[in-house]
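Each chain is listed here by its residues.
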Amino acid sequence: MKTIIAYLITIIIAISVVFILPELAEMPEWYTTKLLFVNSALLGSLGGVLYCLRAIYLNKSVHKRWDKDWYVWYYLRPLTSLISGLVSSIFLKAGLLTLDAAEGGASFGYLAIAFIAGYNVDNFLKKIEDVAKTVWGIDKSRVGKNED
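Residues numbered from 1 in each chain as written. Predicted model: local features only at pLDDT ≥ 70, side-chain atom pairs only at ≥ 80, totals over all residues. Heavy atoms only, no water.

With respect to the packing of helix 1 (residues 2-24) against helix 3 (residues 35-62)
- Running from N to C, helix 1 and helix 3 point in directions that differ by 155°, and their axes come no closer than 10 Å. In terms of orientation, helix 1 lies roughly antiparallel with respect to helix 3. Read as a crossing pair, helix 1 and helix 3 show a hand that is left-handed. For the pair formed by helix 1 and helix 3, the contact residues are Ile4, Ile5, Leu8, Ile11, Ile12, Ile15, Val18, Phe19 and Pro22 on the first element and Leu35, Val38, Asn39, Leu42, Leu43, Ser45, Leu46, Val49, Cys52, Leu53 and Ile56 on the second.
- Its residues placed into classes, the contact of helix 1 with helix 3 shows 18 nonpolar, two polar and no charged. (Axes fitted to C-alpha atoms, helices over the stretch in contact; angles between N-to-C directions. Helix = DSSP H or I, 4+ residues; strand = E, 2+ residues; numbered from the N terminus. Parallel < 35°, antiparallel > 145°, perpendicular 65-115°, else oblique. Left-handed = near helix turned anticlockwise from the far one by under 90°. Contact = heavy atoms within 4.5 Å. Nonpolar A, V, L, I, M, F, W, Y, C, P; charged D, E, K, R; others polar.)

As for the packing of aromatic side chains
- For the coordinates displayed, the defined rule picks out nine aromatic pairs.
- Measuring from centroid to centroid gives 5.0 Å for tyrosine 51 and tyrosine 119, while their planes differ by 80°, and the two rings are edge-to-face. Taken together, the positions of tyrosine 51 in helix 3 and tyrosine 119 in helix 5 (residues 106-119) put the pair 68 residues apart, joining distant regions of the chain.
- Taken together, a centroid distance of 5.8 Å and an interplanar angle of 75° make the contact between tryptophan 70 and tryptophan 73 edge-to-face.
- Residue tryptophan 70 is classed as partly exposed on the basis of its relative accessible area, which comes to 48%.
- Ring pairing ties together the aromatic residues Tyr51, Trp66, Trp70, Tyr71, Trp73, Tyr74, Phe115 and Tyr119, which thus form one cluster.
- The residue whose ring lies beneath arginine 77 is tyrosine 51, and the NZ or CZ to ring-centre distance is 4.3 Å. (Phe/Tyr/Trp six-rings, centres within 6.5 Å; stacked < 30°, edge-to-face > 60°. Buried < 20%, exposed > 50% of the residue type's maximum accessible area, 1.4 Å probe, protein only. Lys NZ or Arg CZ within 6 Å of the ring centre and 35° of its normal.)

Observations regarding the nonpolar core
- Core analysis: the largest hydrophobic core is formed by ten residues, namely Ile4, Leu8, Ile11, Ile15, Leu42, Val49, Cys52, Ala55, Ile56 and Tyr74.
- If you list the elements that add at least two residues to this core, you get helix 1 and helix 3.
- Counting residues per element, this core draws most heavily on helix 3, which supplies five residues.
- The residues touching isoleucine 15, leaving out its near neighbours within four places in the chain, are Leu42, Ser45 and Leu46.
- Counting residues in each nonpolar core, the second largest holds eight residues, with Leu97, Tyr110, Ile128 and Val131 among its members. (Core = buried A, V, L, I, M, F, W, Y, C linked by side-chain atoms within 4.5 Å.)

Describing helix 4 (residues 71-94)
- With 24 residues, helix 4 extends 35 Å between its outermost C-alpha atoms, agreeing within 8% with the 34 Å of an ideal straight helix rising 1.5 Å per residue.
- In the structure, helix 4 departs most strongly from a straight axis at arginine 77, where the bend amounts to approximately 35° and where the proline proline 78 lies between one and four residues downstream.
- Taken together, the buried positions of helix 4 are Tyr74, Arg77, Pro78, Ser81, Ser84, Gly85, Ser88, Ser89, Phe91 and Leu92.
- Taken from the residues just after helix 4, glycine 95 is the one with a positive phi, measuring 80°. (Expected span 1.5 Å × (residues − 1). Bend = angle between axes of the 7 residues up to and from the residue.)

Focus: the packing of helix 1 against helix 4
- For the pair helix 1 and helix 4, the least separation of the axes is 10 Å and the interaxial angle reads 0°. The angle between helix 1 and helix 4 places the two elements in the roughly parallel class. Judged by residue contacts, Thr3, Ile4, Tyr7, Leu8 and Ile11 of helix 1 engage Tyr71, Tyr74, Tyr75 and Pro78 from helix 4.
- Residue composition of the contact of helix 1 with helix 4, by class: eight nonpolar, one polar and no charged.

A few points about helix 3
- For helix 3, with 28 residues, the first-to-last C-alpha span of 39 Å sits near the 40 Å given by 1.5 Å per residue.
- Lysine 64 lies just past helix 3 and shows a positive phi near 55°.

Looking at the pattern of salt bridges
- Throughout the structure, instances matching the rule amount to one salt bridge.
- Taking the shortest distance from any N to any O, the salt bridge between lysine 133 and aspartate 139 comes out at 2.9 Å.
- A relative accessible area of 41% means that lysine 133 is categorised as partly exposed.
- For aspartate 139, a relative accessible area of 49% corresponds to the partly exposed category. (Salt bridge = Lys/Arg side-chain N within 4 Å of Asp/Glu carboxyl O.)

In C-alpha cells, the structure reads:
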C-alpha cells in the first residue's frame, strides 16, 4: 500500500510540474498550441488520482477490506483517467459533447469536464458510447451492454 501511495503522490507532483511548466519556461509552439489538450489530460489524471486516494482510505481504514488483487487497478486508474480527460476535450472540441460556458470560461469548462471524466471513467465511457450510438449508430461494447 505504501508503494501505491508513493506512486500516486509522484503522479500528483508530475502533474503539477507539467501543468506549471509553460509558466516557468519557454515551450515549443507545437506544445503551446495543444495546451488545452495537455491540461485536459492532466486534469483527467488528477481526477483519477483523487479517486484512487479516496479508495485507499475507504477500503483500508473505513471498510477494512484492503485487497492486493486491486493493486493493478490503483496503478492503471490514473492512466485510464488521463486518457478519459484527453478524450473529453477532443469530444468537446469536435462538438460531440456540448459545454455551455461563457466565452472566457470555456477553457475552465474543458478542464472541469476532463476532471470529471477522469474521476468517473466508467460513467464517462458510458456517455461516449451513448454519443457513438446516437451519432453513428455504433452499438455499445459488450461491457457497456452488460452494465445496462
